[in-house]
Amino acid sequence: AGFAPTLRTLDLSLNRISGSWNYSMWPEEFRLTQLNVSSNMLSNIAGALWRKWLDRGMQTLLVSSNFLRTLALPVAELTVAMVVNNPVTALAWTAGQLRAFPAVLVWQLPRLRSLTLRQLLLVILPSAVFRLPELRHLNLYGNALTEIIVPRDREVGRRLQTVQLGGNVLHKLPIGFGHLRFLKELLIFSNNFHSVPSVLCMLRTHLQELDIDNNPLTLESSQSLTCLTNLRSLIFARLYLVVFPRIVFDLEFLEYLDLSVNGLTNLPSQIAILRHLEYLTLSKNELTFLPTELFSIDSLRYIFLDNNLLRDIPTTIQSLVGAVAINLDCNELRELPSLQRLTNLKILNVVFAGPVPFLDVDVYVSTRVNHDDKNDNNVVCESYRDEVDSL
């Protein structure tokens, strides 16, 4: 500690330093530019400590040959970073200004299973990332990527299961994406896609979840969806559609469908084709009526119809005996059928514009019923999905 104010280089390699290092353990006086703790037995270095080192001028950091499994560090800001020969399985870096992720780090982390690079203003991602042999989850949310380069190689992404690309400026996916043959979940919301990428058809046997909301899509440009016959979850929200996308009827195994924040005025009776549907949200549309066939879907558990123009609910809702949550807030309902048969219902959200009808509220574990005039400016209409998530 006596040397701390003037010390710039510290070599602690080839010792038996073990355990975890955190922020408070490191002297405030240290202004190191080079630190070598290779060949020790460190199991963890807190993310706040990495940042502390950088803020105090660290340029070279050598932590090879330890027992580190998780790296929550901005290593790319270092001039030299050696993390090789650690059993690192997760690297996470959130918020900063990186712009380019250094490819040299990729070959140092052959056991990496999870890579998170969120909100770093990345414009370039080295294609070598897709060659990480053990990588399962890749999160690139909230950067500035205009393209993704995936090598055309059958060994690429051989274990990759989840790719998060939301919040970038992408307008297409490369043909190499078709070689990610174990990809199950793809999130490309809030980008600049004018059509559903046709390369997704190469993933039709295994892609199960697709989130493509908040893109400038049109129905005519969405026909590629029909080939995704194994899809279980589709988020098609904030596309400002006025016509129901009938292409979803080709996705017979759908369990989760989100069509909220569009301009839909009609819900076709063919919705009953989706016999496996468990979660349906049609919030913030302009629906004026519901087909009776909707409530013939025995698998439905969660249904959100808030913020529409509904005046009546079909009596067939009584057959929805498996329902757990129903949200009818912010409509123009005049009456509601008896729901006494829905013994599994945990949440009912409803605002009435007219007289209060009789409700069998004693069967509900938790019921929220607001008796207000919808035209009253003091009435705040909102959904209660947080409450559903807590269940």
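Worth saying up front: this structure is predicted, and the values here are computed from it rather than measured.

Parameters at a glance
- Residues numbered from 1 in each chain as written.
- Predicted model: local features only at pLDDT ≥ 70, side-chain atom pairs only at ≥ 80, totals over all residues.
- Heavy atoms only, no water.
- Helix = DSSP H or I, 4+ residues; strand = E, 2+ residues; numbered from the N terminus.
- Buried < 20%, exposed > 50% of the residue type's maximum accessible area, 1.4 Å probe, protein only.
- Contact = heavy atoms within 4.5 Å.
- Areas by Shrake-Rupley, 256 points an atom, 1.4 Å probe, with all protein chains shown as cover.
- Disulfide = S-S within 2.5 Å.
- pLDDT = per-residue confidence, 0-100.
- Pairing = 2+ DSSP bridges.
- Salt bridge = Lys/Arg side-chain N within 4 Å of Asp/Glu carboxyl O.
- Phe/Tyr/Trp six-rings, centres within 6.5 Å; stacked < 30°, edge-to-face > 60°.
- Polar contact = N/O pair within 3.5 Å; in protein donor to acceptor, adjacent residues only side chain to side chain.
- Core = buried A, V, L, I, M, F, W, Y, C linked by side-chain atoms within 4.5 Å.

Novice: What am I meant to see in the overall build of the protein here?
Specialist: Each helix and strand counted, the protein has 2 helices and 20 strands in total. Residues classed as buried in the protein amount to 49% of the 391 residues present. Within the protein, contacts between residues at least 6 apart in sequence are counted, and of these 39% link residues at least 24 apart. Counting every atom, the protein has about 17,900 Å² of accessible surface; 50% of that belongs to carbon and sulfur.

Novice: Honestly, the state of the cysteines in this entry has me stumped. Any pointers?
Specialist: Joining two cysteines, a disulfide is a covalent bond between their sulfur atoms. Under the counting rule described, the total for this entry stands at 1 disulfide. Disulfide pairing is shown between C201 and C227; the S-S distance is 2.0 Å. The S-S bond linking C201 to C227 shows a torsion near -95 degrees; that makes this disulfide left-handed. Of this pair, C201 sits in the loop between β12 (185-187) and β13 (209-211) while C227 sits in the loop between β13 and β14 (233-235), placing them 26 residues apart in sequence. Among the residues examined, C201 registers a relative accessible area of 19% and is labelled buried. On the basis of relative accessibility, which here comes to 15%, the residue C227 falls in the buried class.

Novice: Please clarify how the confidence of the model for the protein should be interpreted in this entry.
Specialist: The predicted coordinates ought not to be read in detail in places where the model reports low pLDDT. Per-residue confidence for the protein averages 82 on the pLDDT scale, and 82% of its residues sit at or above 70. Confidence, read as mean pLDDT per element, is least for strand β20 (residues 368-370) in the protein (45) and greatest for strand β15 (residues 256-258) (98). Under a pLDDT of 50 for its full length, residues 353-358 has, in the predicted model, 10 contacts with residues more than four places off or in other chains. The low-confidence segment residues 360-380, where pLDDT is below 50, has 44 contacts with residues more than four positions distant or belonging to other chains.

Novice: What is the right way to read the pairing of strand β9 (residues 114-118) from this model?
Specialist: Both faces of the sheet carry side chains from a regular strand, because those side chains alternate between them. Sheet analysis places strand β8 (residues 90-94) next to β9, joined by 5 bridges and oriented parallel. Looking at β9, one finds that A92 is bridged to T116.

Novice: Where do I start with the pattern of salt bridges in this structure?
Specialist: This structure, assessed with the given rule, holds 6 salt bridges. The partner of R136 in a salt bridge is E134, and the shortest N-O contact between them spans 2.8 Å. Through salt bridges with shared partners, a single ionic network connects E134, R136 and R159.

Novice: Any chance you could explain the packing of aromatic side chains here in plain terms?
Specialist: The description of an aromatic ring pair uses the distance of the two centres, along with the angle that the planes make with each other. Per the stated rule, a full pass over the model turns up 5 aromatic pairs. For the ring pair Y141 and F189, a centre distance of 6.0 Å and an interplane angle of 35 degrees mean the geometry is tilted. With Y141 in the loop between β10 (137-139) and β11 (162-164) and F189 in the loop between β12 and β13, this pair connects stretches of sequence that are 48 residues apart. With relative accessibility at 14%, the residue F189 sits in the buried group. Ring plane angle 35 degrees and centroid distance 6.2 Å describe the contact between Y279 and Y302, whose orientation is recorded as tilted. Of the two residues, Y279 sits in strand β16 (residues 279-281) while Y302 sits in strand β17 (residues 302-304), which places them 23 residues apart along the sequence. We classify Y279 as buried; its relative accessible area is 15%. Judged by relative accessible area, which is 24%, Y302 ranks as partly exposed.

Novice: Can you walk me through the environment of I45 in this structure?
Specialist: With respect to the helices and strands, the residue I45 is situated in strand β4 (residues 41-45). Excluding residues within four positions of it along the chain, I45 makes contact with W21, W50, W53, V63 and L68.

Novice: What am I meant to see in the side chain of S299 here?
Specialist: Note that S299 resides in the loop between β16 and β17. Only 2.5 Å separates the side chain of S299 from the backbone oxygen of L277, close enough to count as a polar contact. Setting aside residues up to four positions removed in sequence, S299 forms contacts with R275, H276, L277 and E278.

Novice: Would you mind showing me how to read unusual backbone geometry here?
Specialist: Glycine aside, the phi torsion of most residues is negative, and most peptide linkages are trans. The phi dihedral of N214 is positive, around 60 degrees, even though this residue is not glycine. Tracing the chain through its elements places N214 in the loop between β13 and β14. Since its relative accessible area comes to 29%, N214 is described here as partly exposed. With phi around 55 degrees, K284 is a residue other than glycine that occupies positive phi space.

Novice: Mind showing me how you'd approach the environment of R159 here?
Specialist: Structurally, the position occupied by R159 is in the loop between β10 and β11. Put simply, R159 and L135 are 24 residues apart on the chain and 6.1 Å apart in space, counted from C-alpha to C-alpha. Apart from the residues within four sequence positions on either side, R159 is in contact with P133, E134, L135, R136 and F182.

Novice: Explain the nonpolar core to me, please; I cannot follow it from the model alone.
Specialist: Across soluble globular proteins, nonpolar side chains have a tendency to be buried as a group. Of all hydrophobic cores here, the largest spans 104 residues; its most connected members are F177 and L186. When residues of this core are traced back to their parent elements, those giving at least two are β4, α1 (47-55), β8, β9, β18 (325-328) and β19 (347-351). With 3 residues, α1 is the single largest residue contributor to this core. Among residues more than four places away in sequence, those in contact with F177 are I148, V150, V163, L165, L183, L186, V199 and L203.

Novice: In this structure, what is going on with the environment of P337? I would like to understand it.
Specialist: Among the secondary structure elements, P337 is positioned in the loop between β18 and β19. Sequence separation between P337 and I313 is 24 residues, and the spatial gap between their C-alpha atoms is 7.1 Å. Look past the residues within four positions of P337 in its chain and what remains in contact with it is I313, P314, T315, I317 and Q318.

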